[in-house]
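Structural overview
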Amino acid sequence: MPARYDVVVVGAGIMGVASAYHLQNENPGKKILVVDRYGGAGQGNTGRSNAMFRNTFSSSDNQVLADSSIDFYLHVQKELKVDVGLQEIGYLWLMNETQLSKSKPFLRRMEGNGIATTLYGKEDLKRLVPGMAAGFADDETKVMGLPPVDGGVFGPKCGRLDPDRLVRFYAGEFARAGGEFAFGSEVKRLMVGPSEPLGIEGEPLVWQETRVEGVSLAGSSQTDVLADMVVLAGGAWLNELLEPIGVDGHVKAKKRQLFSVRAEGSKLERLLHTPGFNQLGLLPLVILPKAGVHFKPVSEEECFWVACEDEMNRPYIDLPEHDLDRYRAERLYYERGIYPVLTSYFPAFRGSKLKAMWAGLYAYNTLDNLPFAFRTGNLIVVGGDSGSGIMKGDALGRAVGALYSEEDEAVLYGGRAYRTSKLGFERRDVEREEWVI
Ligand SMILES: Cc1cc2nc3c(=O)[nH]c(=O)nc-3n(C[C@H](O)[C@H](O)[C@H](O)COP(=O)(O)OP(=O)(O)OC[C@H]3O[C@@H](n4cnc5c(N)ncnc54)[C@H](O)[C@@H]3O)c2cc1C
């Protein structure tokens, strides 16, 4: 006899566990199972993430999804006293005049929506960040076209958290409330059948209503699991299960890389502990004016994590590997691409040593780079985070909860109502993100 659940959630990344947590909380009597091919929660792209968060977006949808999720994470850490490694270190965007003037209308909009930012002039930044070079005269920087730093934007309600701890919080609470996990279990396919089976050969036939009946598993369980509702939170692998049943997930994967640079025992140690921006006396995440090169302090490891935005010439991956270790970080990409930009603005990085490097996948929503959550019959799909799923994870989990209960609006943490149809494809109504530096 196949097992039967009220809800089966496929995927135990941030999207899956946040959804499962809210579903179980809001529906205490329901039997809910989370399935993942890996051996534990958060071992996909969630565990490989930079796990930065910010509420500074131009899109009002991004603003509310991120801002309310950040509030919830702050609540978990400060009031529930569960350490999710959250540090409000802030984000600091360094910009030239053109970038600053392009940003101003967006900053005014943020202010109108209660999202605080601070504008810094060049002299403020030179005083606050002594090791920073604001202008260049040499040939190398001219070839690279590095803009000078004429000012900066600081977002105080931005920072970093520990994605493993956050996932452990959601997964632990879900299990405490009676939720179940099946790890090491691969969902091979979504089972589709007639809503009202008649026992006729070839069902479901075209004239019959269809529904997702459950999931067919391989791996340790090797069985079918029947469910009244299936929530698909499969991240970069969504299409594998959606396309065979004729549903378009609008998701494409791209490789992303992170490089950890040792700060201990070098000039970088002082840079890491730059006071003046936050209560922790740490440098914020800094975004350079070129190629989206950015770095964040990881104080407990005395290192910086460095990354870069490389959209063009980075191919989409149609069928991502299941083993993420097959995606390698590229040393040359760091040494020839990121390093020269980084060391031009921050000479303290010269001669610094790489401690570790790794790669993961962004799951892009190719329509507008904003996440989606939609329901079709008894299937709910959540994903398309486009590289910012941790910071919006709680709000998306709540959206899944509302879709399950057929509520028009999800109540986000702090009480703000958010219309779930905005996140679907039929009546999609999200503001595109324009503040892309
Ligand atoms: C290098 C890097 C840096 C990033 N930086 C940030 C950042 O600073 N801030 C931020 O907010 N976001 C960041 N992200 C994005 C963030 O990691 C993702 O948005 C988020 O992890 C997506 O969560 P998810 O649950 O959808 O996907 P995942 O965490 O990938 O989870 C999907 C899960 O589904 C499971 N699964 C899929 N298909 C099946 C199947 N058929 N059977 C069984 N299990 C299945 C997988 O095993 C996996 O565990 C970054 C990502 C990367 C790679």
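Our subject in this report is the structure included herewith. All of these numbers come straight from a predicted model, not from anything done at the bench.

Topic: the site of the ligand
Contacts to the ligand come from 35 residues, most closely from Asp36, Thr46, Met52, Asp385 and Gly389. Taking serine 49, its side chain carries an N or O atom lying 3.4 Å from a nitrogen atom of the ligand. Out of a free accessible area of 1000 Å², the ligand has 97% covered by protein chains. Among the elements of the structure, helix H1 (14-26), strand E9 (185-194), strand E12 (251-262) and strand E17 (354-365) are those that each provide at least two residues to the shell around the ligand. Structurally, the shell around the ligand is a two-domain feature, drawing no fewer than three residues from each of domain 1 (3-51 + 164-250 + 367-423) and domain 2 (91-155 + 252-365).

A look at the pairing of E12
For E12, the tally of buried residues reaches 10 of 12 residues, placing the bulk of the element in the interior. Looking at chain direction, E12 and E17 are connected through 11 bridges and run antiparallel. Its bridge partner being in E17, valine 261 is matched across the sheet by leucine 354. Summarising the sheet, E12 and strand E16 (residues 316-317) pair through two bridges and their orientation is antiparallel. Along E16, the bridge assignment pairs lysine 254 with tyrosine 316. Taken together, the four bridges between E12 and strand E15 (residues 303-307) define a ladder with antiparallel strand orientation. Opposite phenylalanine 259, over in E15, you have valine 306 as the bridge partner.

Thoughts on a nonpolar patch on the surface
A contiguous nonpolar surface patch, about 490 Å² in accessible area, is contributed by Leu198, Ile200, Val206 and Trp207. Inspection of the secondary structure assignment puts tryptophan 207 in the loop between E9 and strand E10 (210-219). Residue class for tryptophan 207 comes out exposed when judged on its relative accessible area of 56%.

Points about the side chain of lysine 296
Along the chain, the position of lysine 296 falls in strand E14 (residues 294-298). For the buried lysine 296, which has no salt bridge, the nearest side chain bearing the opposite charge is glutamate 300, at an N-O separation of 7.3 Å. In terms of polar contacts, lysine 296 uses its side chain to reach the backbone carbonyl oxygen of asparagine 50, at 2.5 Å.

Calculation criteria
- Every residue gets a number counted from 1 within its own chain, in the order that chain's sequence is written.
- The predicted origin of the model limits local features to residues at a pLDDT of at least 70 and limits the giving and counting of side-chain atom pairs to 80 or more, whereas totals for whole chains, interfaces and linings rest on all residues.
- Side-chain figures throughout are based on the complete set of non-hydrogen atoms in the structure, without hydrogens or water.
- Throughout, near means a residue has at least one heavy atom within 4 Å of the molecule or strand.
- The definition of a polar contact used here is a pair of N or O atoms within 3.5 Å, where within protein one atom must be able to donate a hydrogen and the other to accept one, and adjacent residues in sequence count solely through side-chain atom pairs.
- Residue-level accessible areas treat just the shown protein chains as cover; the underlying method is Shrake-Rupley with a 1.4 Å probe.
- Numbering of helices and strands starts at the N terminus; helices are DSSP runs of H or I of at least 4 residues and strands are runs of E of at least 2.
- What fixes the domain bounds is an automatic or database domain assignment.
- Three labels apply to residues, based on accessible area from a 1.4 Å probe with only protein chains included: buried if under 20% of the type maximum, exposed if over 50%, partly exposed otherwise in between.
- Note: two strands are recorded as paired if DSSP finds a minimum of 2 bridges between them.
- Each patch is assembled from residues with relative accessible area greater than 30% and no salt bridge, linking like charges that lie within 9 Å and nonpolar side chains (Val, Leu, Ile, Met, Phe, Trp, Tyr) that lie within 5 Å.
- Salt bridge criterion: a side-chain nitrogen from Lys or Arg within 4 Å of a carboxyl oxygen from Asp or Glu.
- By the counting scheme adopted, Arg and Lys are positive, Glu and Asp are negative, and His together with the chain ends is not counted.

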